[in-house]
Amino acid sequence: MASGNAIRGSRVGAGPMGEAERGESAPRNRISFWCANKHETKPSFAAEAVIPDTWDCPRCGFPAGQDEHNPPAPSRNEPYKTHLAYVRERRTDADGEAILAEALAKLRGEI
Ligand SMILES: [Zn+2]
């Protein structure tokens, strides 16, 4: 998991009272969300939890909505990016070459 990923919503099911999470303790709502790739995901929410409009599809990372036939548009120009993609975006190729050369030189003990 990349450290820069924002976690959407609050995590349920991993409360401090783990043993109370089993069985029929708190009422839960399982809400289905669908992404543009027709993946269905069913996170469960505590009865009092606020259900978000969208949920990140765990399979492809697209936003998923509660309307199966009208899923949210796959991302406003920020699809899943690798760390390298971010680095490339921030730096010119020349910078990258220089950094790489320096790193290699360090590895070889030349610096
Ligand atoms: Zn998906």
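Keep in mind that what you see is a predicted model, and the values were worked out from it rather than measured.

Participant: Before we go on, may I ask you to explain the coordination of the zinc ion in this structure?
Facilitator: Each donor-metal-donor angle would ideally measure 109.5 degrees in four-coordinate tetrahedral geometry, or 90 or 180 degrees in six-coordinate octahedral geometry. For the zinc ion, the full set of protein donor atoms is Cys35 (SG), His39 (ND1), Cys57 (SG) and Cys60 (SG), and the range of their distances to it is 2.1 to 2.3 Å. Geometry at the zinc ion is tetrahedral, judged from its four donor atoms and the angles of 107 to 115° they form at the metal. Read N to C, the donor residues that coordinate the zinc ion are spaced as C-x3-H-x17-C-x2-C. Taken together, the residues span a long stretch of sequence, with histidine 39 in the loop between strand S2 (33–35) and strand S3 (40–41) and cysteine 57 in the loop between strand S5 (54–56) and strand S6 (63–65) at a distance of 18 residues. In this pair, the class of histidine 39 matches that of cysteine 57, namely buried.

Participant: When you look at the UniProt feature "binding site: Zn(2+)" (unreviewed entry) in the protein chain in this model, what are you seeing that I'm missing?
Facilitator: The UniProt feature table records "binding site: Zn(2+)" (unreviewed entry) at Cys35, His39, Cys57 and Cys60. Over a stretch of 26 residues, the named residues converge on one spot in the fold, their C-alpha atoms separated by at most 8.5 Å. Filtering out sequence-adjacent residues up to four positions away, cysteine 57 remains in contact with Cys35, His39 and Phe62. With respect to the secondary-structure elements, cysteine 60 resides in the loop between S5 and S6.

Participant: How should the packing of aromatic side chains be read in this particular structure?
Facilitator: What characterises a pair of aromatic rings is the spacing of the ring centres plus the angle enclosed by the ring planes. Scanning all chains against the criterion turns up three aromatic pairs. Pairing phenylalanine 33 with tryptophan 55 gives two aromatic rings, centres 5.9 Å apart and planes at 25°, and the pair type is stacked. Here phenylalanine 33, found in strand S2, pairs with tryptophan 55, found in strand S5; they are 22 residues apart in sequence, far enough to count as distant. Residue phenylalanine 33 shares its accessibility class with tryptophan 55, and that shared class is buried. Ring geometry for phenylalanine 45 against tryptophan 55: centres 5.4 Å apart, planes inclined by 85°, an arrangement best described as edge-to-face.

Participant: Can you walk me through the environment of glycine 65 in this structure?
Facilitator: Residue placement: glycine 65 occurs in strand S6. C-alpha of glycine 65 to C-alpha of aspartate 53: the two residues are 12 residues apart in sequence and 6.3 Å apart in space. Ignoring anything within four residues of it in the chain, the contact list for glycine 65 reads Ser32, Phe33, Trp34, Asp53 and Pro72.

Participant: Just to check I follow, could you spell out the sheet that holds S3 for this structure?
Facilitator: Within a sheet, neighbouring strands are paired by backbone hydrogen bonds and run either parallel or antiparallel to one another. Pairing is antiparallel in the open sheet, where four strands are placed in the order S3-S2-S6-S5. The sheet is open, and its two edges are formed by S3 and S5, each paired on a single side. Where S2 meets S3, two bridges bridge the pair, whose relative direction is antiparallel. Bridging from a neighbouring strand, phenylalanine 33 pairs with threonine 41 of S3.

Participant: Can you help me understand the side chain of serine 32 in this one?
Facilitator: Topologically, serine 32 is positioned in the loop between strand S1 (28–30) and S2. Within the structure, the side chain of serine 32 is placed 2.8 Å from the side chain of glutamate 40, a separation counted as a polar contact. When residues no more than four places from it in sequence are discounted, the contact partners of serine 32 are Glu40, Thr41, Lys42, Gly65 and Gln66.

So, how was this worked out
- Sequence order as written defines the numbering, with residues in each chain counted from 1.
- Whole-chain, interface and lining totals are the exception, using all residues; otherwise, since this is a predicted model, local features are given only for residues with pLDDT of at least 70 and side-chain atom pairs are given and counted only at 80 or more.
- Side-chain figures throughout are based on the complete set of non-hydrogen atoms in the structure, without hydrogens or water.
- Donor atoms (N, O, S) are those found within 2.8 Å of the metal centre, with the cutoff raised to 3.2 Å for Na, K and Ca; water is not part of the atom list, so apparent gaps in a site can occur.
- Working rule for geometry: tetrahedral if four donors all subtend angles between 85 and 135 degrees; square planar for four, octahedral for six, if opposite donors exceed 155 degrees and the others stay between 65 and 115; irregular in every other situation.
- In this description a helix means any DSSP run of H or I spanning at least four residues, a strand means any run of E spanning at least two, and both kinds are numbered starting from the N terminus.
- Three labels apply to residues, based on accessible area from a 1.4 Å probe with only protein chains included: buried if under 20% of the type maximum, exposed if over 50%, partly exposed otherwise in between.
- UniProt positions are given in the numbering used here, feature names are shortened, and annotations may be inferred rather than shown by experiment.
- The contact criterion used is simple: two residues touch if any of their non-hydrogen atoms lie within 4.5 Å.
- The pairing test for Phe, Tyr and Trp rings, Trp by its six-membered ring, is centres within 6.5 Å, and the orientation test on the planes gives stacked under 30 degrees, edge-to-face over 60, and tilted for anything in between.
- At least two bridges found by DSSP between two strands is the condition for calling them paired.
- Between N or O atoms, a polar contact is any pair within 3.5 Å; within protein, one atom must be a potential hydrogen donor and the other a potential acceptor, and residues adjacent in sequence are included only when both atoms are from side chains.

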